[in-house]
Amino acid sequence: MAETLTPQIEASWLKALNNEFQQPYMQKLKQFLRQEKQQGQVIYPAGSNIFAAFNNTPLSQIKVVILGQDPYHGPNQAHGLSFSVQAGTALPPSLKNIYKELHADLAVKNTAGDLTAWAAQGVLLLNSVLTVRKNQAASHRGQGWEQFTDAVIEVINEQCQHVVFMLWGSYAQKKGAVIDANKHLLLTAPHPSPLSAHRGFFGCRHFSQANHYLKKHKNTELNWQLS
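Source: prediction; values computed, not measured.

### Overview of the overall build of the protein
Helix and strand counts for the protein stand at eight helices and six strands. Taken over C-alpha atoms, the radius of gyration comes to 17 Å for the protein, in line with the 17 Å a tight globule of 227 residues would show. Along the longest, intermediate and shortest principal axes, the C-alpha atoms of the protein span 50 × 35 × 30 Å. Here the protein holds 227 residues, and 53% of them are scored as buried. For the protein, contacts bridging at least 24 residues in sequence account for 69% of all contacts bridging at least 6. Approximately 10500 Å² of the protein is accessible, and the part contributed by carbon and sulfur atoms is 47%.

In structure tokens form, the structure reads like this:
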């Protein structure tokens, strides 16, 4: 596990984040993950997918950031993209609700759970914490990932222009507090979880708002339809 943080990460991100990988907190995180493996813990996603969000969406190509919390902790789910699951896996409840809103907003109907096609168009599907123990939700919180992904958000805020941030739920909104609303578009709503989606996630129309903003700033609109 240690070598996965050395890291195999897309070149523009490595340049922007190289200093973070040298920080003491990251060395502690590397040691924590090594110990987890030595103790026989199964960790999701697989090591090769820990940085999948960055490898699928280079820094210069970011149009939208969708911020999640932790990877899914069940088998064949997490593959490094927030809210996304591996092909052939049943849709989690939050993703079902994301698709309901997308259909209501843009009449797009998706049934597959793998969001890699969104990432390839410039949607950074970023979790705050990038790893988790099998069947133990939130088990890797407080180990350093949050500091790393805070740095990621600061890099986007500083180095990019006219990015749409979709901040769903209070956790994401607090994490996005550093974003400059004069440079970027901040879209906030309750989390799409079944516990909160009816409090305002449904009807938020974030997908059409994102495309309108991108078009306004001479960028290509996103095709939210998955093949």
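### Structural notes on the pattern of salt bridges
Applying the stated criterion across every chain yields a total of four salt bridges. A salt bridge links E36 to R133, with the nearest nitrogen and oxygen atoms 2.6 Å apart. Here R133 lies in strand β4 (residues 132-133) and E36 lies in helix α2 (residues 24-38), a separation of 97 residues in the sequence. Where D105 meets R205, a salt bridge forms, and the shortest distance between an N and an O atom there is 3.3 Å. A residue pair is termed long-range when its members are at least 10 positions apart, and D105 in helix α4 (residues 93-106) and R205 in the loop between β6 (185-189) and α8 (206-216) qualify at 100 residues. Take R205: its relative accessible area is 41%, and that puts it in the partly exposed class.

### A short note on the environment of V64
Take V64: it is sitting in strand β2 (residues 64-68). Owing to a relative accessible area of 0%, V64 belongs among the buried residues under this scheme. With sequence-adjacent residues up to four places away left out, V64 is seen in contact with G122, V123, L124, V163, V164, M166, A210, L214 and L222.

### Looking at the nonpolar core
Judged by nonpolar contacts, the single largest core of 69 residues is most densely connected at W13, F54, W118, F148, I156 and M166. No other element matches the six residues that helix α6 (residues 145-159) contributes to this core. In this structure, W118 is in contact with I66, I98, Y99, L102, N110, V123, F207, N223, W224 and L226, ignoring residues within four places of it in sequence.

### Quick word on the side chain of H191
Within the secondary structure layout, H191 lies in the loop between β6 and α8. In this view, H191 contacts F83, S94, W168, G169, S196, A197 and F201; residues no more than four positions away in its chain are not counted.

### A look at the pairing of strand β5 (residues 164-168)
Within a regular beta strand, the side chains point alternately toward one face of the sheet and then the other, so they alternate between its two faces. Most of β5 sits out of view: five of its five residues are buried. Judged by which residues are buried, β5 turns out to be covered on both faces: V164, M166 and W168 on one side and F165 and L167 on the other are all buried. For β2 and β5, the ladder comprises three bridges, and the chain directions are parallel. By the bridge assignment for β5, I66 is matched with M166.

### Some words on the environment of A210
Along the chain, A210 turns up in helix α8. Overall, the relative accessible area of 0% leaves A210 in the buried class. With twelve residues separating them in the primary sequence, A210 and L222 have C-alpha atoms 8.3 Å apart. Those residues in contact with A210 that lie beyond four places of it in its chain are V64, V164, M166, L187 and W224.

Reading the values: the criteria
Residues numbered from 1 in each chain as written. Predicted model: local features only at pLDDT ≥ 70, side-chain atom pairs only at ≥ 80, totals over all residues. Heavy atoms only, no water. Helix = DSSP H or I, 4+ residues; strand = E, 2+ residues; numbered from the N terminus. Rg over C-alpha atoms; globule rule 2.2 N^0.38 Å. Buried < 20%, exposed > 50% of the residue type's maximum accessible area, 1.4 Å probe, protein only. Contact = heavy atoms within 4.5 Å. Areas by Shrake-Rupley, 256 points an atom, 1.4 Å probe, with all protein chains shown as cover. Salt bridge = Lys/Arg side-chain N within 4 Å of Asp/Glu carboxyl O. Core = buried A, V, L, I, M, F, W, Y, C linked by side-chain atoms within 4.5 Å. Pairing = 2+ DSSP bridges.

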